[in-house]
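Fold and contact review
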Amino acid sequence: MSNPIRDEAVQAARSQLLKGVEDGSLDSDSLQGAIAILEKAQIRGDRELLEGEWRLLWTSGTRKAQKVNPGGKGMNRKAMAQVIQRLDCQRLWFENQITLAGSSLIVGGPFEYNQHRIQFQFERLGFQLGPLGPLNLPLGKWASGWLQTTYLDEDLHLERGDRGGISLYQRVGTSTPTLCKDNDRIILSHTPAEE
């Protein structure tokens, strides 16, 4: 059921976040207010809406990082590195890729999605060092965690993690996972284009 007042507030919050994160004009109070509006709306889509490639726009960082940066403004990752999150809902495969100065680090593994929560277990690691070929390593059961979806539409994904962080992602397209299993080998099949 549509709620015109809520819908208007959500659209205003979305616009404020997108503009403010891109141009750096969003102050801490406005940022927290816009996030609160989106989370209160409880628009979380379904698992299929998670499918694709998402670029990190903003993150508060973990609890530890928040102690170092107590102002609450968080970090705009665009200036530091490109961070991409990939979710393949058919294969139930989850990846995070960090690209800095032409080199990438990618971690990936299976996930479950229940009650708007991504429960993941990273099992594979890939490095792409500039023009050098990829280095791929199995991780065993290296790292696990969860990400609670607090807002999800066709373009934006807001999540809270088990380490105390809040992250805002924008959809950048559809993509197959970078680290794929093929007869127990790891294949590095995709490197994001430079923006």
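Quick caveat: nothing in here was measured; it's all calculated off a predicted structure.

For the rest of this paragraph, the subject is the overall build of the chain. Helices and strands together make up the secondary structure of the chain, namely 5 helices and 10 strands. Across the 195 residues of the chain, 42% fall into the buried class. When contacts within the chain are restricted to residue pairs at least 6 apart in sequence, long-range pairs at least 24 apart make up 56% of them. When the accessible area of the chain is evaluated, it comes to approximately 10,400 Å², of which 54% is carbon and sulfur surface.

Below, the discussion takes up the environment of L92. Relative to the helices and strands, L92 resides in the loop between β2 (82–88) and β3 (93–100). Using a relative accessible area of 29% as the deciding quantity, one classes L92 as partly exposed. Separated by 18 residues in the primary sequence, L92 and P110 place their C-alpha atoms 5.6 Å from one another. The residues contacting L92, other than those within four sequence positions of it, are R47, G109, P110 and F111.

Checked against the element boundaries, G161 lands in strand β7 (residues 156–161). Residue classification places G161 among the buried residues on the basis of a relative accessible area of 15%. With residues up to four places along the chain from it excluded, the contact list for G161 reads W146 and L147.

L50, L87, F94, F111, I118, F120 and F122 are the most contacted members of the largest nonpolar core, which totals 18 residues. Breaking this core down by element, the ones donating at least two residues are β1 (52–59), β2, β4 (103–114), β5 (117–128) and β6 (134–152). Per-element tally for this core: the top contributor is β5, with 4 residues. With 17 residues, the next largest nonpolar core counts V10, A13, W58 and L158 among its residues.

Of the pairings in the sheet, the one linking β4 to β5 comprises 9 bridges and is antiparallel in character. Bridge assignment links L105 to a residue of β5, and that residue is F127. Taking the residues between adjacent antiparallel strands as the criterion, β4 and β5 are bridged by 2 residues, where Q115 takes a positive phi near 55°.

Position of Q148 relative to the elements: it lies in strand β6. Given a relative accessible area of 18%, Q148 falls into the buried group. Of the polar contacts made by the side chain of Q148, one reaches the backbone oxygen of Q115; its length is 3.0 Å. Within the structure, the side chain of Q148 is placed 2.8 Å from the side chain of R117, a separation counted as a polar contact. Filtering out sequence-adjacent residues up to four positions away, Q148 remains in contact with Q115, H116, R117, L158, E159 and R160.

If you trace the backbone, T59 turns up in strand β1. We classify T59 as buried; its relative accessible area is 7%. There is a polar contact of 3.1 Å between the side chain of T59 and the side chain of S167.

We now examine helix α2 (residues 28–41). With 14 residues, α2 should cover 20 Å at 1.5 Å per step; its first-to-last C-alpha distance of 20 Å lies within 8% of that length. Among the residues of α2, those classed as buried are S28, L31, A34, I35, L38, E39 and A41. An end-on view of α2 places all buried positions within 165° of arc, on one side of the element. Exposed residues pointing more than 90 degrees away from the buried face of α2 are listed as D29 and K40. Taken from the residues just after α2, Q42 is the one with a positive phi, measuring 55°.

Let's shift gears to the confidence of the model for the chain. Across the chain, pLDDT averages 80, with 77% of residues at or above 70. For the chain, strand β10 (residues 185–188) is the element with the lowest average pLDDT, namely 40, and β7 is the one with the highest, namely 95. Low pLDDT, under 50, characterises residues 182–195; the predicted model gives this stretch 40 contacts beyond four residues in sequence or across chains.

Reading the values: rules and limits
Each chain carries its own residue numbering, running from 1 in the direction its sequence is written. Only residues with pLDDT of at least 70 get local features here, since the model is predicted, and only at 80 or more are side-chain atom pairs given and counted; chain-wide, interface and lining totals rely on the full set of residues. Values reported for side chains reflect all heavy atoms of the structure, with hydrogen atoms and water molecules removed beforehand. Numbering of helices and strands runs from the N terminus, with a helix taken as a DSSP run of H or I at least four residues long and a strand as a DSSP run of E at least two residues long. The buried label goes to any residue with under 20% of its type's maximum accessible area, the exposed label to any with over 50%, and the partly exposed label to all in between, with areas taken from a 1.4 Å probe on protein chains only. Pairs of residues are marked as contacts when any of their non-hydrogen atoms sit within 4.5 Å. The Shrake-Rupley method, run with a 1.4 Å probe, gives the accessible areas here. Residue values count only the displayed protein chains as cover. To qualify as a nonpolar core, a set must consist of buried Ala, Val, Leu, Ile, Met, Phe, Trp, Tyr and Cys residues joined through side-chain atoms within 4.5 Å. Criterion used throughout: strands pair if DSSP finds at least two bridges between them. For the purposes of these results, a polar contact is taken to be a pair of N or O atoms within 3.5 Å, where, inside protein, one atom must be able to donate a hydrogen and its partner to accept one; residues adjacent in sequence count only when each atom of the pair is a side-chain atom. Any helix carries an expected span of 1.5 Å times its number of residues minus one. It is the directions from the helix axis to the C-beta atoms that the arc portrays. Confidence scores per residue from the predictor, reported as pLDDT, run from 0 to 100.

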